[in-house]
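Architecture and fold: a report
Below, each chain spelled out in residue letters.
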Amino acid sequence: MQSVDGDTAQVPAQIAEEMKIPCVSYATEVEYKNKRFEFTRIISGGSQIVTPKTKPAIVTVAKYEFPLFPTFAATRKANATSIIQWTAEDVKPTYFGVTGSKTRVIRVFPPPKTSRKCLEIKEAREFAQILKKLAKAGETHAAADSHLNHRYVLPGNRTNPFDRSFEGTQKESEAFEQLVKKLKELNIHNLSDITAEVKEQIVQDKSLGITGKALEEMLAGLQASKPLYEGEVWVVAEETGEEITPATFELVGKARELADSLNTHVGVALAGKKVGHLAQSLIEAGADKVYCLEHELLAEFDPAAYRKAIAGVIEKYWPQIVLFAATPQGRVLAPMVSYRVGCGLTADCTSLDIRDSSRKSEIAVLMQTRPALGGNVMATICTKDSKCQMATARPGVMKRLPADPARKGQIIPCPVELTKDDLSLEIINTERGTGHVNFNADIIISGGKGLQSKERYMNLLTTLCTAVGKQLGVTVERGASRAAVEQGFTERVHQVGQTGTAVGPNVYLAMGISGAIQHMIGVANSQTILAINNDPAAPIFKQCDYYMVANVEEVVPQLVQVLGEQ
């Protein structure tokens, strides 16, 4: 199955969970060796070769390349091949379709206009001058999930009991505002003072446009104050064995904000072989409790084993919100966990807020906003008929809180019962980026597949990085797109993007990078994005601040020359 975004990524994993078969996600290559299929798949920060332990298995691919010129013989063979087809009636899924879905769409709206300048620069000299200026004083760029939003307050903590400014839609907020204004005109300050006569006056006021049924719903909404969900706000952590991933810390920061609004605690579920030593860093980042799930069979990420461990601890404590990072690991684990515990899941969120739907008596629910239909629209979604609300959030759109070494919290050991029968994959080889990179540098200069060769990549980036660092007095690091890494231009540790490392430097310069969505998600927190590409239709030009349509090999020497001028 091809699975490229939040619209489709959770479906294969949930089908696998329904049918209790292995799921190989983000496959990039397949070989038939030793009488078995071996799949190369993307993992966070690297790649892995696996083979399913049982058949059949569900395999998802990030991109499928159709053969340009299939042979006549192959076409005839394909035409004569019998294809096994399974329908929904064959699978009989529990939570699929309109009736089985555990989420509902609150509203659909156009995506916001980009805050990037998207200015074309014609001359290398001007491009270099802009780079100089940015190095001295970085311009700011607001993250997608802004902390400047009106912070949610529970109804019982509001100074005005009639305050309903935290509705899920602007239309509902305005309707309540009009009703409260009318009640004030009628000198009504308590719900108990609303008589049948008062209700009639409100309905008769045509300027309000409130029917009798709508009024009863709104008055019931004004009385509603108990949150629909109870429990802590959780984050499911990702770790590499040596450290917690940056995306996890971002989610802990968001969980802290949500939990403070709900007057509850932040919990983190941390699973792995020996991960207890990582718990304190999560507490310093904002967690109140860390639930440690340690087992030998959790040494490497196996979707089925991790699903069993995480689902088990959720069913024991039942938090009201569980957040996963929308990484290669989170995108397969979250759907399987949510399906197993029977809860709704919204994928690839860019914004998470607590809001009310008072007319439905749904107080303090998680409103989950994400791009839909390939990014052409935005949708706000909430969970229904579930004990817990779950979401995956894109790396780079939430903000990590500064670490506070003085924070105290609980580390709670959680026994995990696993056997080898719980594993769904045999892991043949794991390749992760090795070496040291400084992605906290002021400027990151990345190269893509457009540089065409390892020699060009190394020569051009090394030359420019050295010149920028020396002439502008800033720290500079070299980066790469996934395509460049897979072409062998550089080590995987330099990979930037959703499947590499999410970065947020003062300046991000992309050279020969087309701007695939997975790459742009990983650089979204950069204050300023510059791009050089010889393709005038490169998607990155619509997602950056300054760009040049030019050959990188020709532009770099010109930039170096200008940067060296006093």
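Shown above is the structure to which this text applies.
Read on for an overview of the structure.

**Here's the deal with the overall build of the protein**
The helix and strand tally for the protein stands at 16 helices and 22 strands. Relative to a compact globule of 566 residues, whose C-alpha radius of gyration would be 24 Å, the protein shows 26 Å and is just as compact. Across the 566 residues that make up the protein, the buried fraction comes to 52%. Of the roughly 27300 Å² that the protein leaves accessible, carbon and sulfur atoms contribute 51%. Considering the protein, the positive charge centre built from 64 side chains and the negative charge centre built from 64 side chains are found 2 Å apart.

**Thoughts on the environment of L401**
Tracing the backbone shows L401 in the loop between β15 (389-393) and β16 (410-413). Between the C-alpha atom of L401 and that of E257, which follows or precedes it by 144 residues, the distance is 10.0 Å. Beyond its immediate stretch of four places on either side in the chain, L401 contacts G253, R256 and A285.

**Description of the pattern of salt bridges**
Pairing between side chains of opposite charge can happen when the charged atoms of each approach one another. Applying the stated criterion across every chain yields a total of 26 salt bridges. Put simply, K182 and D205 hold a salt bridge, and the shortest N to O gap is 3.1 Å. In this pair, K182 sits in helix α6 (residues 170-185) while D205 sits in the loop between α7 (196-204) and α8 (212-223), placing the two residues 23 residues apart along the sequence. There is no split in this pair, since K182 and D205 are both buried.

**Notes on the side chain of E38**
Note on placement: E38 falls in strand β2 (residues 36-43). For E38, the side chain forms a polar contact with the side chain of R36, separated by 3.3 Å.

**Things to note about helix α16 (residues 552-563)**
In an α-helix there are 3.6 residues to a turn, and that puts residues three or four apart on one side. Over its 12 residues, α16 extends 16 Å from the first C-alpha to the last, a length consistent with the 16 Å expected when each residue adds 1.5 Å. Structurally, α16 contributes buried residues whose contacts are with α5 (124-136), α13 (454-472), β20 (507-511), β21 (528-533) and β22 (546-549). The residue sitting at the N-terminus of α16 and contributing the capping side-chain oxygen is N551; that oxygen lies 2.9 Å from the backbone nitrogen of E553.

**Section: helix α9 (residues 246-262)**
For α9, spanning 17 residues, the distance from its first C-alpha to its last is 25 Å, which sits close to the expected 24 Å at 1.5 Å a residue. Of all the 17 residues making up α9, 15 are buried; the element is thus mostly covered by neighbouring parts of the structure. The positive-phi residue at the C-terminal boundary of α9 is N263, with phi of around 55°.

**As for the packing of aromatic side chains**
Evaluation of the coordinates by the stated rule reveals 10 aromatic pairs. Note on F541 and Y547: the rings are 4.3 Å apart at their centroids and 20° apart in plane angle, and the pair reads as stacked. Per residue, the accessibility class of F541 equals that of Y547, and both read buried. What links up through ring pairs into an aromatic cluster is the set Y32, F37 and F39. The ring of F249 has R400 lying over it, and the distance from NZ or CZ to the ring centre is 3.8 Å.

**Brief notes about the sheet that holds strand β8 (residues 266-272)**
Pairing within the open sheet is parallel, and its seven strands lie in the order β11-β15-β10-β7-β8-β9-β16. The outermost strands of the open sheet, each flanked by one partner alone, are β11 (344-349) and β16. The sheet shows a mean angle of 20° between the axes of neighbouring strands, direction not considered. Alignment of β11 against β15, held across four bridges, turns out to be parallel. What sits directly across from G344, in β15, is Q389.

**Looking at the pairing of strand β14 (residues 377-383)**
For a regular strand, side chains alternate in direction, first toward one face of the sheet and then toward the other. Extensive coverage of β14 is indicated by the burial of seven of its seven residues. Pairing of strand β5 (residues 103-109) with β14, which is carried by six bridges, proceeds in the antiparallel orientation. Bridge assignment links V108 to a residue of β14, and that residue is A379. Relative to β14, strand β13 (residues 362-372) runs antiparallel, the two being bridged by five bridges. Each bridged residue has a counterpart across the sheet, and for Q368 the counterpart in β14 is I381.

**Quick look at unusual backbone geometry**
Cis geometry marks the peptide bond from K55 to P56, where omega comes out at 0°. Within the secondary structure, P56 sits in the loop between β3 (46-52) and β4 (58-61). The phi dihedral of N34 falls on the positive side, at around 55°, and the residue is not glycine. With respect to the helices and strands, the residue N34 is situated in the loop between β1 (23-33) and β2. Exposure remark for N34: the relative accessible area of 65% places this residue in the exposed category. The phi dihedral of A364 is positive, around 60°, even though this residue is not glycine. With respect to the secondary-structure elements, A364 resides in strand β13.

**Focus: the sheet that holds β14**
Spatially, β5-β14-β13-β12 is the arrangement adopted by the four strands of the open sheet, whose pairing is antiparallel. Each edge of the sheet is formed by a strand with only one pairing partner; in this case those strands are β5 and β12 (351-357). Neighbouring strand axes in the sheet, compared pairwise and without regard to direction, differ in orientation by 35° on average. Across six bridges, β12 lies against β13 in antiparallel orientation. Residue pairing in the sheet places L352 in a bridge with Q368 of β13. This element, α9, spans β12 and β13 of the sheet and lies at about 20° to β12.

**Here we look at the packing of α5 against α16**
Between α5 and α16, whose axes approach to 9 Å, the crossing angle comes to 55°. On the basis of the axis angle, α5 is oblique to α16. Handedness of the α5/α16 crossing: right-handed. Within the contact between the two elements, α5 uses A124, R125, F127, A128, Q129, L131 and K132 and α16 uses V555, Q558, L559, V562 and L563.

**Thoughts on the nonpolar core**
If you look at the biggest cluster of nonpolar residues, it comprises 41 residues, and the most contacted ones within it are L270, L282, V290, I321, L323, L352 and I354. Top element by residues in this core is α9. It accounts for eight residues. If near-sequence neighbours (up to four positions away) are discounted, L323 is found in contact with W234, V235, V236, L251, L258, L352 and A391.

**Points about the environment of I121**
With respect to the secondary-structure elements, I121 resides in the loop between β6 (119-120) and α5. Linking I121 and M458, residues 337 residues apart in sequence, is a C-alpha distance of 25 Å. Contacts of I121, omitting those with residues within four sequence positions, involve E126, F127, I130, Y546, Y547 and M548.

Thresholds, definitions, all that
Residues numbered from 1 in each chain as written. Predicted model: local features only at pLDDT ≥ 70, side-chain atom pairs only at ≥ 80, totals over all residues. Heavy atoms only, no water. Helix = DSSP H or I, 4+ residues; strand = E, 2+ residues; numbered from the N terminus. Rg over C-alpha atoms; globule rule 2.2 N^0.38 Å. Buried < 20%, exposed > 50% of the residue type's maximum accessible area, 1.4 Å probe, protein only. Areas by Shrake-Rupley, 256 points an atom, 1.4 Å probe, with all protein chains shown as cover. Lys, Arg positive; Asp, Glu negative; His and termini not counted. Charge placed at Lys NZ, Arg CZ, Asp CG, Glu CD. Contact = heavy atoms within 4.5 Å. Salt bridge = Lys/Arg side-chain N within 4 Å of Asp/Glu carboxyl O. Polar contact = N/O pair within 3.5 Å; in protein donor to acceptor, adjacent residues only side chain to side chain. Expected span 1.5 Å × (residues − 1). Phe/Tyr/Trp six-rings, centres within 6.5 Å; stacked < 30°, edge-to-face > 60°. Lys NZ or Arg CZ within 6 Å of the ring centre and 35° of its normal. Pairing = 2+ DSSP bridges. Axes fitted to C-alpha atoms, helices over the stretch in contact; angles between N-to-C directions. Parallel < 35°, antiparallel > 145°, perpendicular 65-115°, else oblique. Left-handed = near helix turned anticlockwise from the far one by under 90°. Core = buried A, V, L, I, M, F, W, Y, C linked by side-chain atoms within 4.5 Å.

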